[in-house]
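Geometric and topological summary
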Amino acid sequence: QVQLVESGGGLVQPGGSLRLSCAASGSILSINTMGWYRQHSGKERDLVSNITSSRTTNYADSVKGRFTISRDNAKNAVYLQMDSLKPEDTAVYYCYAVVKNGLGYTGIYWGQGTQVTVSS
């Protein structure tokens, strides 16, 4: 069993910053890509950013230059530093990880989601 636990969401004013964290635990042999999706109310879940085990990063155009993804392989953790936040960044943010578990099965695991609200 693999679990992903997120933290760091909340309410912030436009132009402010937040840092999201996500840690994976359980029966983990290895983790390939980790990243973040977000879901605006009533919309589909969209990719925000991801990072491979070799730290190659990818960003949605809407967050380039404002968000920074990083990971700590020793802690099985991924982070999303969000700066210059805009009201349109308001969404539920989900972390995910591509994990090979203790049985040798590779699958995508998701966190429970954390709300980010950008409002004055």
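As the structure is a prediction and not an experimental result, all values here were calculated from the model.

Before going further, it helps to spend a moment on the packing of aromatic side chains. Under the counting rule described, the total for this entry stands at three aromatic pairs. With 5.5 Å between their ring centres and 35° between their planes, tyrosine 96 and tryptophan 110 make a pair best called tilted. Of this pair, tyrosine 96 sits in strand β9 (residues 91-101) while tryptophan 110 sits in strand β10 (residues 106-110); the two residues are 14 residues apart in sequence, bridging distant segments of the chain. Residue class for tryptophan 110 comes out partly exposed when judged on its relative accessible area of 36%. An aromatic cluster is defined as three or more aromatic residues linked by ring pairs; in this entry it consists of Tyr37, Tyr96 and Trp110. Its end group placed over the ring of tyrosine 79, arginine 19 keeps NZ or CZ at 4.3 Å from the ring centre.

To continue, consider the state of the cysteines. Going through the model one piece at a time under the given rule, you end up with one disulfide. Between the sulfur atoms of cysteine 22 and its disulfide mate cysteine 95 the distance is 2.0 Å. Measuring handedness by torsion sign, the sulfur bridge of cysteine 22 and cysteine 95 sits at about 45° and is right-handed. Pair noted here: cysteine 22 is in strand β3 (residues 18-26) and cysteine 95 is in strand β9, with a separation of 73 residues, a long-range link. Across the pair, exposure class does not vary: cysteine 22 and cysteine 95 are buried alike.

Two modes of strand pairing occur in sheets, parallel and antiparallel, and in both the strands are linked by backbone hydrogen bonds. With antiparallel pairing, the four strands of this open sheet are ordered in space as β1-β3-β8-β7. Because the sheet does not close on itself, it has two edges, and the strands there are β1 (2-7) and β7 (67-72). Across the sheet, the axes of successive neighbouring strands diverge by a mean angle of 15°, strand direction being ignored. Pairing of β7 with strand β8 (residues 77-82), which is carried by six bridges, proceeds in the antiparallel orientation. Looking at β8, one finds that isoleucine 69 is bridged to leucine 80.

Turning to the pairing of strand β5 (residues 45-51), a few remarks are in order. Bridging between strand β4 (residues 28-39) and β5 involves six bridges; their strand directions are antiparallel. Paired with tyrosine 37 across the two strands is leucine 47, which belongs to β5. Between β4 and β5, which follow one another and run antiparallel, lie five residues, and glycine 42 among them has a positive phi close to 80°. Here β5 runs beside strand β6 (residues 57-59); their pairing, made up of three bridges, is antiparallel. Residue serine 49 lies in a different strand from β6, and its bridge partner there is tyrosine 59.

Parameters and conventions
- Residues numbered from 1 in each chain as written.
- Predicted model: local features only at pLDDT ≥ 70, side-chain atom pairs only at ≥ 80, totals over all residues.
- Heavy atoms only, no water.
- Phe/Tyr/Trp six-rings, centres within 6.5 Å; stacked < 30°, edge-to-face > 60°.
- Helix = DSSP H or I, 4+ residues; strand = E, 2+ residues; numbered from the N terminus.
- Buried < 20%, exposed > 50% of the residue type's maximum accessible area, 1.4 Å probe, protein only.
- Lys NZ or Arg CZ within 6 Å of the ring centre and 35° of its normal.
- Disulfide = S-S within 2.5 Å.
- Pairing = 2+ DSSP bridges.
- Axes fitted to C-alpha atoms, helices over the stretch in contact; angles between N-to-C directions.

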